[in-house]
Amino acid sequence: MSKIGLCFAFCAMLFAHCSPAEAQQAKKYFRVGVLSSRLGPLPTREGVFEETLLKLGYVEGRSITIEYRYAEEKLDRLPELTAELVGSKVDVLVAVSTPAIEAAKKATKTIPIIMAGVSDPVGTGFVASLARPGGNVTGLSLQSPELSGKRLELLKEIIPKLSRVAFLVHGRDPGHPLFVKEAQDAGNNLGIQIQPWAVTSHEEIESTFPAMVRERTGGLVIQPIFVSSHGRRIADLATRNRLPTISDPVEFVDAGGLTSYGPNRSVVWRRTAVYVDKILRGAKPSDLPVEQPTKFEFVINLKTAKQIGLTIPPNVLARADRVIR
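These numbers come from a predicted model, not from an experiment.

Taking strand neighbours across the sheet as the criterion, the seven strands line up as β7-β6-β8-β9-β10-β11-β12 in an open arrangement whose pairing is mixed. Each having just a single partner strand, β7 (193-199) and β12 (322-324) make up the two edges of the open sheet. Between one strand and the next, the sheet's axes are offset by a mean angle of 20°, whatever the strand orientation. Strand direction decides the pairing type here: strand β9 (residues 245-247) and strand β10 (residues 259-263), joined by two bridges, are parallel. Counterpart to I246 in the pairing with β10 is T259. This element, helix α6 (residues 176-190), spans β6 (164-170) and β7 of the sheet and lies at about 165° to β6.

Listed below in structure tokens is the structure:
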């Protein structure tokens, strides 16, 4: 073998021995922060998120660490929790709910922020537009305010004589005025008067129901932010007061609510993981359009309907994606 050939072979051997080590050194260990206003994790959300990241090649403890911070519904804790995540130098920050996204956006202009579903990212000022977010925020929109009208339509179909509806909204959620406006605009078209009830605590929720009954409310729409923590209690109070209800997500119906209509949250969290993957691979938030849901689920709880003495019209029942009997 010639000297050139021996040199080439030797270099090739060195490359073969060194490249795995060099590749291992070059492989970055990522930190992902998740900020939520909820009490804690849910299998249909954080569980799906972690499963999807694993399928995308991120192994907890080996190539990625996920740090969770939950405000336990104490929204004034969000800035402090956000500061903790920013201080730990996360590579990307996943923010859940409008208050969490607002806190994250105020805390950093450089760390990419992924919205794990927000009511109206343009209306709340989180992004410049859906197609071109700009800045360091992108992710998933739930189209929530726009769905307020659809939920009212469904209640009206279930109760044709419906004329007065209470709307339970979170008074400290910066997105709640958008929900109210959409509902009132839809109510005007449907001949339904909308009565907003802004509450911020468990105690206020409890005390609101007697007032709703005195107002002769014929139905109740619940802003989705309440469902994960207070869904069962709200459903119980509504059933006790014979109030037909609708909200989102589907956990509300599973907890005893009458109906729910909205996007599948498991799908939202699966897509959130995909956005995180894109960011970790070098994409810029400003270049990633905000994604909107394309499929919505309508679920009815017939057990609850029976408890409040309500008959669901057959044409409405036939359109349900799932019926709890």
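Backbone-to-backbone hydrogen bonds join strands into a sheet, with any given pair of strands oriented parallel or antiparallel. Taken together, five strands build an open sheet; the order of strands is β2-β1-β3-β4-β5 and the sheet is parallel. Each edge of the sheet is formed by a strand with only one pairing partner; in this case those strands are β2 (64-70) and β5 (137-141). Across this sheet, the average inter-strand angle for adjacent strands is 20°, counted without regard to direction. Lying over the sheet, helix α2 (residues 43-55) contacts β1 (30-36), β2 and β3 (92-96), oriented at roughly 165° with respect to β2. Packed on one face of the sheet, helix α3 (residues 78-87) meets β1, β2 and β3 and runs near 175° to β1.

It is worth spelling out the pattern of salt bridges at this point. Where side chains of opposite charge bring their charged atoms close, a pairing between them can arise. Applying the stated criterion across every chain, the model contains 16 salt bridges. In this structure, R69 engages E67 in a salt bridge whose closest nitrogen and oxygen atoms are separated by 3.4 Å. For E67, a relative accessible area of 10% corresponds to the buried category. Close ionic contact of R319 with E157 constitutes a salt bridge, the shortest N to O distance being 2.7 Å. Pair noted here: R319 is in the loop between α12 (314-317) and β12 and E157 is in helix α5 (residues 144-158), with a separation of 162 residues, a long-range link. Judged by its relative accessible area of 38%, R319 is partly exposed. By relative accessible area, E157 is classed as partly exposed at 28%.

Moving on: unusual backbone geometry. Backbone torsion omega between D248 and P249 reads 10°, so that peptide bond is classified as cis. Tracing the backbone shows P249 in the loop between β9 and α9 (251-254). Backbone geometry places E73, a non-glycine residue, at a positive phi of 70°. Along the chain, the position of E73 falls in the loop between β2 and α3. Its identity as a non-glycine residue notwithstanding, K89 has a phi of 60°, on the positive side. Looking at where K89 falls in the secondary structure, it is placed in the loop between α3 and β3. Take K89: its relative accessible area is 67%, and that puts it in the exposed class.

Cut-offs and rules
- Residues numbered from 1 in each chain as written.
- Predicted model: local features only at pLDDT ≥ 70, side-chain atom pairs only at ≥ 80, totals over all residues.
- Heavy atoms only, no water.
- Pairing = 2+ DSSP bridges.
- Helix = DSSP H or I, 4+ residues; strand = E, 2+ residues; numbered from the N terminus.
- Axes fitted to C-alpha atoms, helices over the stretch in contact; angles between N-to-C directions.
- Contact = heavy atoms within 4.5 Å.
- Salt bridge = Lys/Arg side-chain N within 4 Å of Asp/Glu carboxyl O.
- Buried < 20%, exposed > 50% of the residue type's maximum accessible area, 1.4 Å probe, protein only.

No statement about biological role is implied by the geometric values presented.
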